[in-house]
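Notes for the structure review
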Amino acid sequence: MRVLGIETSCDETGVALYDTRHGLLADALYSQVAMHADFGGVVPELASRDHTRKLLPLIDDVLGEAHCGRADLDAIAYTAGPGLVGALMVGASTAHGMARSLDIPVLGVHHMEGHLLAPMLEDDPVAFPFVALLVSGGHTQLVAVEGLGAYRLLGESVDDAAGEAFDKAAKMLELGYPGGPAIARLAEHGDPTRFRFPRPMTDRPGLDFSFSGLKTHTLTTIKALRDEGALDEQAHADIARAFEEAVVDTLVIKCRRALDDTGLKRLVVAGGVSANVRLRERLDHALTKRRAKAFYPRNRFCTDNGAMIAYAGAQRLMAGEHDDSAILAVPRWPL
Ligand code: KG4
Ligand code: ZN
């Protein structure tokens, strides 16, 4: 089965073609990051318009790269949510229109299920069951995954998502958007011993997260240094380092706890923040000691992309699922 995947939930237009026998045939991505950077975050109206402009050319690119015509498609999968409703509607309407004209099945996929299954596109794919840490701009969740669609929420952020915290801290340090990669780059030059930021909710049992206090702590530190006239370049780097250390430490502690609680030995880390190098190093180290193993998507598939939607859609379509005639665009949708 050849499945076209379409992702338009936020600020990346992603398209991919996945073949259930031959794997990923082609994928293409257009990022709107540069456009939104001027505004310090994603502007929903502009995102929808840009998806409209880019989606059809990207579909042509992917089909061209795979030497396929539209008639070679067996099904179409699109991100039905969660996300920005206008942005979602672009992908959803295009998918339904194409599927109807080609008379093939179409299926709306949960964006986070896409992230969750993304490591299965790698050469050493993870097998069920596993624990998944989903860390993106909108979500921070720990999930026990028994099989396709068998997801049990173990814990989640009670306020900001980890990626959102990175983005907000970056804004405070005037690093621009998206903040995660910018903080990570600056943190490399930071002194890890100068500041120690809190590791929220790690001193009590449970698998929930909270990142808003860390945000306040960052702001207070910046203000104090500014008042002292000590907010120089090195201070920026030291704050970035302390912030990154605190987020990474918190995530590692909760992942260890989730593996202990479930008795599972495999951990999937996915979503934009899973691209963070320090997080990967620290998790790999912690898991080796436990004879457990972490699985990540390749860098390109950590952030939003069409390949994860094509893959997740293909799995569900093979299980016989598809949409009825309704176009799905669900801004808030639990996994
Ligand atoms: O999964 P994603 O592309 O979009 C959502 O579904 O939210 O994740 C984007 C988030 C942003 O908050 C971005 O700052 C963060 O992932 N991110 C990172 C890194 N790369 C992206 N955070 C920390 N370190 C990184 N290297
Ligand atoms: Zn995402």
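Residues numbered from 1 in each chain as written. Chains lettered and ligands numbered in written order. Predicted model: local features only at pLDDT ≥ 70, side-chain atom pairs only at ≥ 80, totals over all residues. Heavy atoms only, no water.

Here we look at the overall build of the chain
The test is simple: Secondary structure is summarised from DSSP: a helix means a run of H or I of at least four residues, a strand means a run of E of at least two, and numbering begins at the N terminus for each. When we talk radius of gyration, it's over C-alpha atoms, and the globule rule is simply 2.2 Å times the number of residues to the 0.38. Throughout this description, buried means an accessible area under 20% of the type-specific maximum (1.4 Å probe, protein chains only), exposed means over 50%, and partly exposed covers the range between. Contacts are assigned to residue pairs with any non-hydrogen atoms lying within 4.5 Å of each other. For the accessible areas, the method is Shrake-Rupley and the probe is 1.4 Å, while residue cover comes only from the protein chains on display. The charge count treats Lys and Arg as positive and Asp and Glu as negative. His and the chain ends do not count. The atoms used to mark charge sites are NZ of Lys, CZ of Arg, CG of Asp and CD of Glu.
What the chain contains, in helices and strands, is 10 helices and 10 strands. Against the globule reference of 20 Å for 335 residues, the chain gives a C-alpha radius of gyration of 20 Å, in line with a compact fold. The dimensions of the chain, computed from C-alpha atoms along their principal axes, are 65 × 45 × 30 Å. Going through the 335 residues of the chain one by one, you find that 55% of them count as buried. For the chain, the proportion of contacts with a sequence separation of at least 24, taken over those separated by at least 6, is 72%. Roughly 14,400 Å² of accessible area belongs to the chain as shown, and the carbon and sulfur atoms make up 51% of that amount. One finds the centroid of the 35 positive side-chain charges in the chain at a distance of 5 Å from the centroid of its 45 negative side-chain charges.

Some details on the UniProt feature "binding site: Fe cation" (unreviewed entry) in the chain
Note the cut-off: UniProt positions are given in the numbering used here, feature names are shortened, and annotations may be inferred rather than shown by experiment. Polar contact is the term for a pair of N or O atoms within 3.5 Å; when the atoms are in protein, one must be able to donate a hydrogen and the other to accept it, and sequence-neighboring residues count only if both atoms are side-chain atoms.
Within the UniProt annotation, "binding site: Fe cation" (unreviewed entry) is assigned to His-111, His-115 and Asp-304. Spatial clustering of the annotated residues is evident: they stretch over 194 residues in sequence, but the largest pairwise C-alpha distance comes to 8.6 Å. Looking at the secondary structure, you find His-111 in helix 4 (residues 111-117). Taking relative accessible area as the criterion, His-111 reaches 6% and is therefore assigned buried. In terms of polar contacts, His-111 uses its side chain to reach the side chain of Ser-9, at 3.4 Å. Checked against the element boundaries, His-115 lands in helix 4. What His-115 contacts, discounting residues up to four positions off in sequence, is Leu-134, Ala-270, Gly-271, Cys-302, Thr-303, Asp-304 and Met-308.

Some thoughts on the sheet that holds strand 5 (residues 106-110)
To be explicit about the condition: Here, a strand pair is defined by DSSP locating no fewer than two bridges between the strands. The convention used is that axes are lines fitted to C-alpha atoms, helices contributing only their stretch in contact, and that angles between N-to-C directions extend from 0 to 180 degrees.
Strand order in the open sheet formed by 5 strands is 3-2-1-4-5, and the pairing between neighbours is mixed. A single partner strand is all that each edge strand has here, and the edge strands are strand 3 (23-31) and strand 5. If you compare each strand with its neighbour and ignore which way they point, the axes differ by 20 degrees on average. With 4 bridges connecting them, strand 1 (residues 2-7) and strand 4 (residues 75-81) associate as parallel partners. Bridge assignment links Ile-6 to a residue of strand 4, and that residue is Tyr-78.

Digging into the packing of helix 5 (residues 162-172) against helix 8 (residues 233-262)
Selection rule: Here roughly perpendicular refers to angles of 65 to 115 degrees, roughly parallel to angles under 35, roughly antiparallel to angles over 145, and oblique to all remaining angles. The classification used treats Ala, Val, Leu, Ile, Met, Phe, Trp, Tyr, Cys and Pro as nonpolar, Asp, Glu, Lys and Arg as charged, and all other residues, Gly among them, as polar.
In contact at an axis separation of 11 Å, helix 5 and helix 8 are set at 175 degrees when each is read in the N-to-C sense. Between helix 5 and helix 8, the interaxial angle falls into the category roughly antiparallel. Between helix 5 and helix 8, the residues in contact are Ala-162, Ala-165, Phe-166 and Ala-169 and Phe-243, Glu-244 and Val-247, respectively. When the residues that make up the contact of helix 5 with helix 8 are grouped by side-chain class, the tally is 6 nonpolar, no polar and 1 charged.

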